[in-house]
Amino acid sequence: MRAFLFGLMLLAACSASPHGSDDDDTQSQDDGGDTADVTTSDDGGTTTDGATTTDGAMPASNVQIIVEPDGKDGQQVVDAINAAKKSVHMTMYMLTSTNVISALISRHKAGVDVKVLLDSSSTTDNTSVYNQLKSGGVAVAWSSNKFTYTHEKCVIIDGATAWIMTMNLTQSSPSSNREYLGIDTSAADVTEAETIFEGDFASSPPASVNGPLVVSPINSLTDLTGIINAAKSTLDLEQEELSDYHTADALKAALGRGVKVRVVLSDATMTQSGQSALAEIKGAGAKVVKVSTPYIHAKAIIADGTTAFIGSENLSTGSLQYNRELGVVVTTASEVQKVSTTISSDFAKGTAL
């Protein structure tokens, strides 16, 4: 299943080499006092017991991408939940959107199988929404302590559609942040997302996966460096954070073989490892900018203008190796173009680093 990028990886001139670890997800303050995202640290942690790494991800063929902000304030996600006939299965790092919470409770009361898995770390402090959902009758569970954070953002509707997102379902994320939402109807992707959800919800996370998705801590590092290693001409990245040295080494190698690399970063304060990674790729010729508005919470890669990755994975060691994360690779030209055009626009207005 993962032969697509594995074949490309074999053609790549260089591969990434391992280095140290760093933090994960630096995030912005919400307008209304609710945090769109909160600074978190991913130093340390342990990988899933028995986790295995597989080779590059098979791109999904049926993914529609929404770029936020789009003026709809995330209403598409609420509408999808409200339209569910059989089931809504959600894994969410941060959940504060009152519309989403109301929709989940309403669907439960309508007889729909609603299950919600929330990150259990003190950083997210999801206790209030956990209690609210529980009192509304929704089946809700805390994430496994096998992960530093359950940083995934996914909603599976009726076992047929998986919303795989960079976006937390908070009040201001869709209006204040640069986010990408993938509406995935590829059967293999949805089946894999559902299998991961059911295992995680039951506190028995799968130690390996066989499907097309990009999953931390199982295959994200291999898959994302594989995309970078396979690039022939251009790489555009839009990242809240870039601090993993495996990734930095892969980008440096790409630059060394003549690939043009552009990076859009958030204006969040960099960690020491982030500063080192930045210096490494800039020294090799990467063009890097930072953008303040909208806040860059995106996690996206475009390779050669033909392959896009979006997901919850930051390019940090914690995110790639110690968290539960979920992402998807897309090759449909119209959807890749949405992400590519957005990154180009954000890069053009950025401040050089």
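Everything numeric here is computed off the predicted structure, so don't read it as measured data. (Residues numbered from 1 in each chain as written. Predicted model: local features only at pLDDT ≥ 70, side-chain atom pairs only at ≥ 80, totals over all residues. Heavy atoms only, no water.)

1. Some details on the pattern of salt bridges
The criterion, for reference: What counts as a salt bridge is simple: a side-chain nitrogen of Lys or Arg found within 4 Å of a carboxyl oxygen of Asp or Glu. For helices the rule is a DSSP run of H or I covering at least 4 residues; for strands it is a run of E covering at least 2, with both sets numbered from the N terminus onward. Each residue is placed in one exposure class: buried if its accessible area under a 1.4 Å probe, protein chains only, is under 20% of its type's maximum, exposed if it is over 50%, and partly exposed if it falls in between.
Within the structure shown, the criterion is met by seven salt bridges. Taking the shortest distance from any N to any O, the salt bridge between K115 and E198 comes out at 3.6 Å. Taken together, the residues K115 in strand β3 (residues 113-118) and E198 in helix α6 (residues 187-201) connect sequence positions 83 residues apart. Here D346 ties to K349 by a salt bridge, and the two come within 3.7 Å at their closest N and O atoms. Here K349 and D346 lie together in helix α11 (residues 333-349), a separation of three residues that amounts to about one turn. Under the relative-accessibility criterion, K349 is labelled partly exposed at 45%. Through salt bridges with shared partners, a single ionic network connects R178, D346 and K349.

2. Brief notes about the environment of N126
The condition is simple: Residue contacts are counted whenever heavy atoms from the two residues lie within 4.5 Å of one another.
Along the chain, the position of N126 falls in the loop between β3 and α4 (127-135). A relative accessible area of 3% means that N126 is categorised as buried. In sequence terms N126 and T96 are 30 residues apart; their C-alpha atoms lie 8.4 Å from each other. Here N126 is in contact with M92, Y93, M94, L95, L118, D119 and W142, once residues within four sequence places are set aside.

3. Description of helix α8 (residues 245-256)
For an α-helix, the turn length of 3.6 residues means that residues three or four places apart are oriented alike. Worth spelling out the cut-off: Helices are assigned an expected span. That span is 1.5 Å times one less than the residue count.
The end-to-end C-alpha distance of α8, which contains twelve residues, comes to 16 Å, matching closely the 16 Å that a straight helix rising 1.5 Å per residue would cover. For α8, the buried fraction is high: ten of the twelve residues fall into the buried class. Along α8, the residues that are buried comprise Y245, H246, T247, A248, D249, A250, L251, A253, A254 and L255. Contacts made by the buried residues of α8 are with α7 (220-230), β9 (234-239), β10 (260-266), α9 (272-283) and α10 (317-321).

4. Topic: the sheet that holds strand β15 (residues 325-330)
The cut-off we apply is this: Being paired, for any two strands, means DSSP has found at least two bridges between them.
Read from one edge to the other, the open sheet built from eight strands follows the order β8-β15-β14-β13-β9-β10-β11-β16, with strand pairing classed as mixed. Lying at the two open borders of the sheet, with one neighbouring strand each, are β8 (214-216) and β16 (351-352).

5. Focus on the packing of aromatic side chains
Which entries qualify depends on this criterion: Stacked, tilted and edge-to-face are the three classes assigned to paired rings of Phe, Tyr and Trp, where Trp is represented by its six-membered ring and a pair needs centres within 6.5 Å; plane angles under 30 degrees give stacked, over 60 edge-to-face, the rest tilted. Look at NZ for Lys and CZ for Arg. If either is within 6 Å of the ring centre and within 35 degrees of the ring normal, a charge sits over the ring.
Summed over all chains, the structure comprises three aromatic pairs. Their ring planes at 5° and their centres at 4.5 Å tell us that Y130 and W142 sit as a pair that is stacked. Of this pair, Y130 sits in helix α4 while W142 sits in strand β4 (residues 139-142), and the two are twelve residues apart along the sequence. The aromatic ring of F347 is capped on one face by R262, whose charged end is 5.0 Å from the ring centroid.

6. Here's the deal with the packing of helix α3 (residues 98-109) against α4
Applied cut-off: Only the stretch in contact is used when a helix axis is fitted, and all axes are lines through C-alpha atoms; the angle between N-to-C directions ranges over 0 to 180 degrees. Angles below 35 degrees are treated as roughly parallel, those above 145 as roughly antiparallel, those between 65 and 115 as roughly perpendicular, and all remaining angles as oblique. Here a crossing is called left-handed whenever its near helix is offset anticlockwise from the far helix by less than a right angle, and right-handed whenever the offset is clockwise. Classification used: nonpolar for Ala, Val, Leu, Ile, Met, Phe, Trp, Tyr, Cys and Pro, charged for Asp, Glu, Lys and Arg, polar for all others including Gly.
Closest axis-to-axis distance for the α3/α4 pair is 9 Å, and the angle between their directions is 25°. One finds that α3 runs roughly parallel with respect to α4. Two packed elements cross with a definite hand, and for α3 against α4 that hand is right-handed. Of the residues in α4, those touching α3 at I101, L104 and I105 are V129, Q132 and L133. Classifying every residue of the contact of α3 with α4 gives five nonpolar, one polar and no charged.

7. With respect to the confidence of the model for the chain
Applied cut-off: As a per-residue measure, pLDDT reflects the predictor's confidence and takes values from 0 up to 100.
Model confidence for the chain is summarised by a mean pLDDT of 87, while 83% of its residues fall at 70 or above. Counted against residues more than four places away or in other chains, residues 3-55, with its pLDDT under 50, gives 173 contacts.

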